[in-house]
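One letter stands for each residue in the lines below.
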Amino acid sequence: MLDLASPTDPGFVRLLLHSYERFVGTPLVDRENAAAWLYEDAPFGLLAHDADPDPRFVYANRTAQGCFEYGWTEFTGLRSRLSAEPDRQADRNRLLADVESNGFSTGYRGLRIAKSRRRFWIEDVTMWNLVDDAGSRVGQAAVFPRWTDAAGWAEAERTCS
């Protein structure tokens, strides 16, 4: 189980970054104070959930919180399936299964829903398994560098804040 002491928990950030580099083959970030930067200032959404059969979010950076319209305490503990509407679960489940089998997946685009019921696309998603030092899969994480509003299915750029 993933338990974070804070959004900048150094053990979690180490797990996140090492797992990304292990599966994707490149660093997610290479900077001093990565934990604070990823949470506070990263220009991309970053999410993680645990490995439970019905996983719960354990991490969401400020960009992701803005997109989904949940604060830290609301987001962490939320079932990750609730990030997509029921008619989008099959698509989401295919992505999760692909990542579980292959370690990671890139290029995904999926429709998501915010707390206010606003719909938006997450785009160019890279998702990867979180694997601890013992080799156990303890969760999955995703980064999305782009998102677009899906209101009326007309895609206009939208900044989540």
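Procedures and definitions
- Residues numbered from 1 in each chain as written.
- Predicted model: local features only at pLDDT ≥ 70, side-chain atom pairs only at ≥ 80, totals over all residues.
- Heavy atoms only, no water.
- Helix = DSSP H or I, 4+ residues; strand = E, 2+ residues; numbered from the N terminus.
- Contact = heavy atoms within 4.5 Å.
- Core = buried A, V, L, I, M, F, W, Y, C linked by side-chain atoms within 4.5 Å.
- Buried < 20%, exposed > 50% of the residue type's maximum accessible area, 1.4 Å probe, protein only.
- pLDDT = per-residue confidence, 0-100.
- Salt bridge = Lys/Arg side-chain N within 4 Å of Asp/Glu carboxyl O.

An unreviewed UniProt entry lists the chain under the name MEKHLA domain-containing protein, with Pseudonocardia alaniniphila as the source organism.

Tracing the sequence through the fold places Trp72 in helix H4 (residues 72-75). Along the chain, Trp72 and Gln140 lie 68 residues apart, while their C-alpha atoms are 18 Å from each other. Those residues in contact with Trp72 that sit more than four places away from it in its chain are Leu4, Ser6, Pro7, Tyr39, Val58, Tyr59, Ala60 and Gln65.

Note that Asn61 resides in the loop between strand S2 (57-60) and helix H3 (62-68). Filtering out sequence-adjacent residues up to four positions away, Asn61 remains in contact with Leu38, Tyr39, Ala42, Phe44, Gly45 and Leu46.

Okay, the nonpolar core next. Core analysis: the largest hydrophobic core is formed by 29 residues, its most contacted members being Phe12, Leu28, Leu38, Leu46, Tyr59, Trp128 and Leu130. Of all the secondary structure elements, the ones that give two or more residues to this core are helix H1 (10-24), helix H2 (34-40), strand S1 (45-50), S2, strand S4 (119-131) and strand S5 (137-144). Sort the elements by how many residues they give to this core and H1 lands first, with 7 residues. Setting aside residues up to four positions removed in sequence, Leu130 forms contacts with Leu2, Phe12, Leu15, Leu16, Ser19, Ala48, Ser136, Arg137, Val138, Gly139, Gln140 and Ala141. Judged by nonpolar contacts, the second largest core, of 21 residues, contains Cys67, Phe68, Phe75 and Ala142.

This brings us to the confidence of the model for the chain. For the chain, the mean per-residue pLDDT works out to 90, and 93% of the residues sit at or above 70. Of the regions scoring below 50 in pLDDT, residues 153-159 engages in 17 contacts with residues more than four places distant in sequence or in other chains.

Mapping Asp87 onto the fold places it in the loop between H4 and helix H5 (89-102). Overall, the relative accessible area of 63% leaves Asp87 in the exposed class. A C-alpha to C-alpha distance of 17 Å links Asp87 and Tyr108, two positions 21 residues apart in sequence.

Pairs may arise between side chains of opposite charge once their charged atoms sit close together. This structure, assessed with the given rule, holds 13 salt bridges. The shortest N-O distance in the salt bridge between Glu40 and Arg62 comes to 3.4 Å. Of this pair, Glu40 sits in helix H2 while Arg62 sits in helix H3, and the two are 22 residues apart along the sequence. Since its relative accessible area comes to 41%, Arg62 is described here as partly exposed. For Arg119, the salt bridge goes to Glu85, with nearest N and O atoms at 2.7 Å. Taken together, the residues span a long stretch of sequence, with Arg119 in strand S4 and Glu85 in the loop between H4 and H5 at a distance of 34 residues. Among the residues examined, Arg119 registers a relative accessible area of 33% and is labelled partly exposed.

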